[in-house]
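Structural characterization, general
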Amino acid sequence: MTDSLVLEQLEQTIRIPIIDGMHAQGDLLVIPAHLLDSVTPLPNAEWRLVPPGGIEVLRGAAGGNPHTLVAEPGSCRWTTQLYDPEALALGMFVADAVAYLMHPEHGATGSAPGAYVIRRQRENSNYGARLVAD
């Protein structure tokens, strides 16, 4: 399914949760698109199929480990061309089959078929809101 090194680190007997709602992985949130009325693809957004090696969605702070979106060939489309007034969205994917967000330290989570926005998490600190760093 993927060329990602993550699979080599996971035991073959591991169960990956398949989630049809919002879920988090480190500094990212995966949110069903219907929950974010304000985030939409641009009218002429270019969509591309997720390739066998996956798409690196975000690399951790200071060049750390990547969050990689993987899916069965031909089953998932991805775009980064979004309207997002909060500027937190990294991209949107539409999957006809389960798509997986993989990370060497966090493992993997599966998203049930549907449309999802992947966005950065933020947290409150003594200095105001800031992005969560993984």
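A short tour of the structure in this document, coming up. (Residues numbered from 1 in each chain as written. Predicted model: local features only at pLDDT ≥ 70, side-chain atom pairs only at ≥ 80, totals over all residues. Heavy atoms only, no water.)

Our next topic: the overall build of the chain. When helices and strands are tallied, the chain shows 1 helix and 15 strands. Put simply, the chain has 134 residues, and 43% of those count as buried. Partitioning the contacts of the chain with sequence separation of at least 6, the portion at a separation of at least 24 is 65%. Counting every atom, the chain has about 7,500 Å² of accessible surface; 49% of that belongs to carbon and sulfur. (Helix = DSSP H or I, 4+ residues; strand = E, 2+ residues; numbered from the N terminus. Buried < 20%, exposed > 50% of the residue type's maximum accessible area, 1.4 Å probe, protein only. Contact = heavy atoms within 4.5 Å. Areas by Shrake-Rupley, 256 points an atom, 1.4 Å probe, with all protein chains shown as cover.)

We now examine the side chain of Thr-68. Along the chain, Thr-68 turns up in strand E7 (residues 66-71). Ignoring sequence-local partners within four residues, the contact set of Thr-68 consists of Gly-53, Gly-54, Ile-55, Glu-56, Val-57, Tyr-100, Leu-101 and Met-102.

Using the criterion set out here, one finds 1 aromatic pair in the structure. Ring geometry for Phe-93 against Tyr-116: centres 5.1 Å apart, planes inclined by 20°, an arrangement best described as stacked. Of the two residues, Phe-93 is situated in strand E10 (residues 89-95) and Tyr-116 in strand E13 (residues 114-120); the sequence distance between them amounts to 23 residues. The ring centre of Trp-47 lies 4.8 Å from the NZ or CZ of Arg-77, which sits over that ring. (Phe/Tyr/Trp six-rings, centres within 6.5 Å; stacked < 30°, edge-to-face > 60°. Lys NZ or Arg CZ within 6 Å of the ring centre and 35° of its normal.)

The buried fraction of strand E11 (residues 99-103) is high, at 5 of 5 residues. Of the two faces of E11, the one carrying Ala-99, Leu-101 and His-103 and the one carrying Tyr-100 and Met-102 are both buried. Pairing geometry for E7 and E11, over 4 bridges, is antiparallel. Of the residues in E11, the one forming a bridge with Thr-68 is Met-102. (Pairing = 2+ DSSP bridges.)

Next up on the list: the nonpolar core. Judged by nonpolar contacts, the single largest core of 17 residues is most densely connected at Val-57, Leu-69, Cys-76, Trp-78, Phe-93, Ala-99 and Ile-118. Here this core gets 3 residues from one element, more than from any other, and that element is strand E6 (residues 55-59). Not counting chain neighbours up to four residues away, the residues in contact with Ile-118 comprise Leu-28, Leu-29, Val-30, Val-57, Trp-78, Leu-88, Ala-89, Leu-90, Gly-91, Phe-93 and Leu-101. With 8 residues, the next largest nonpolar core counts Ile-31, Leu-36, Met-92 and Val-117 among its residues. (Core = buried A, V, L, I, M, F, W, Y, C linked by side-chain atoms within 4.5 Å.)

What holds strands together in a sheet is hydrogen bonding between their backbones, with the strands either parallel or antiparallel. Strand order in the open sheet formed by 6 strands is E2-E3-E13-E10-E8-E5, and the pairing between neighbours is antiparallel. Each edge of the open sheet is held by one strand with a lone partner, namely strand E2 (23-25) and strand E5 (48-49).

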